[in-house]
Amino acid sequence: MTNPDWIVIHDATCGDLAWAIECRRCGAIQKVATPITIDCLAAFGKAFGKTHQHCKEPDRRGNQWECLTK
Ligand SMILES: [Zn+2]
């Protein structure tokens, strides 16, 4: 299963949010303990994505996701 595109996994360049998984719709953030393997992170991301796959987008909250440079 692929995560919906509002589920974001931050990479190591995101400072406080490094490796956190975030739902851009409801704003939930799940931090994971590091170091973590990519497999583990992917599993977390999947579970998180499942929880948030039906989230609705409340409104545009400006561009606060600028660390997402991919
Ligand atoms: Zn959500």
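Placed above this text is the structure.
Computed from a predicted structure; not experimentally measured.

**Regarding the overall build of the protein chain**
1) Next: Each helix and strand counted, the protein chain has 1 helix and 3 strands in total.
2) Next: Going from N to C terminus, the protein chain has its helices and strands arranged as β-β-β-α.
3) Next: The buried share of the protein chain, taken over its 70 residues, is 13%.
4) Next: For the protein chain, restricting intrachain contacts to residue pairs at least 6 apart in sequence, the fraction spanning at least 24 positions comes to 49%.

**Brief notes about the sheet that holds strand S3 (residues 29–30)**
The strands that make up a sheet pair up through hydrogen bonds in the backbone, lying either parallel or antiparallel.
1) Next: A sheet is described by the order of its strands in space; here 3 strands give the open sequence S1-S2-S3, paired in antiparallel fashion. Because the sheet does not close on itself, it has two edges, and the strands there are strand S1 (7–9) and S3.
2) Next: Pairing between strand S2 (residues 21–23) and S3: 2 bridges, direction antiparallel. Directly across from Ile21, in S3, lies its bridge partner Gln30.
3) Next: Across the sheet, helix H1 (residues 38–51) touches S1, S2 and S3, and the angle it forms with S1 is around 160°.

**Quick word on unusual backbone geometry**
1) Next: Note that the residue after Thr34, namely Pro35, is joined by a cis bond; omega there is 0°.
2) Next: Relative to the elements of secondary structure, Pro35 occurs in the loop between S3 and H1.

**Some points on the nonpolar core**
1) Next: Judged by nonpolar contacts, Ile7, Val8, Ile9, Ile21, Cys23 and Phe48 together constitute the single largest core of 6 residues.
2) Next: Mapped by element, the contributors of at least two residues to this core are S1 and S2.
3) Next: With 3 residues, S1 is the single largest residue contributor to this core.

**As for the environment of Gly45**
1) Next: Note that Gly45 resides in helix H1.
2) Next: Note: C-alpha distance between Gly45 and Ala20 (25 residues apart in sequence) is 9.2 Å.
3) Next: Beyond its immediate stretch of four places on either side in the chain, Gly45 contacts Asn3, Ile7, Ile9 and Ile21.

**Comments concerning the environment of Cys26**
1) Next: Mapped onto the elements of the fold, Cys26 is located in the loop between S2 and S3.
2) Next: Using a count of 14 C-beta atoms within 10 Å as the deciding quantity, one classes Cys26 as partly exposed.
3) Next: Between the C-alpha atom of Cys26 and that of Trp6, which follows or precedes it by 20 residues, the distance is 9.5 Å.
4) Next: Those residues in contact with Cys26, other than ones at most four positions away along the chain, are His52 and Cys55.

Criteria and cut-off values
- Throughout, residues of each chain are indexed from 1 in the direction in which the sequence is written.
- Local features in this predicted model are restricted to residues of pLDDT 70 or higher, and side-chain atom pairs are both shown and tallied only at a pLDDT of 80 or more, whereas totals for entire chains, interfaces and linings draw on every residue.
- For the purposes of this entry, the term helix denotes a DSSP run of H or I that reaches at least four residues, the term strand denotes a run of E that reaches at least two, and both are numbered from the N terminus.
- Counting other C-beta atoms within 10 Å of a residue's C-beta gives its exposure: the residue is buried at 20 or more, exposed at 12 or fewer, and partly exposed in between, where C-beta atoms are placed from the backbone.
- Note on contacts: residues are paired as contacts if their backbone-placed C-beta atoms lie within 7 Å.
- In this analysis, strands are considered paired if DSSP registers two or more bridges between them.
- What counts as an axis is a line fitted to C-alpha atoms, over the stretch in contact for a helix, and the angles between N-to-C directions run from 0 to 180 degrees.
- In plain words, the nonpolar core is the set of buried Ala, Val, Leu, Ile, Met, Phe, Trp, Tyr and Cys residues that C-beta atoms within 7 Å link up.

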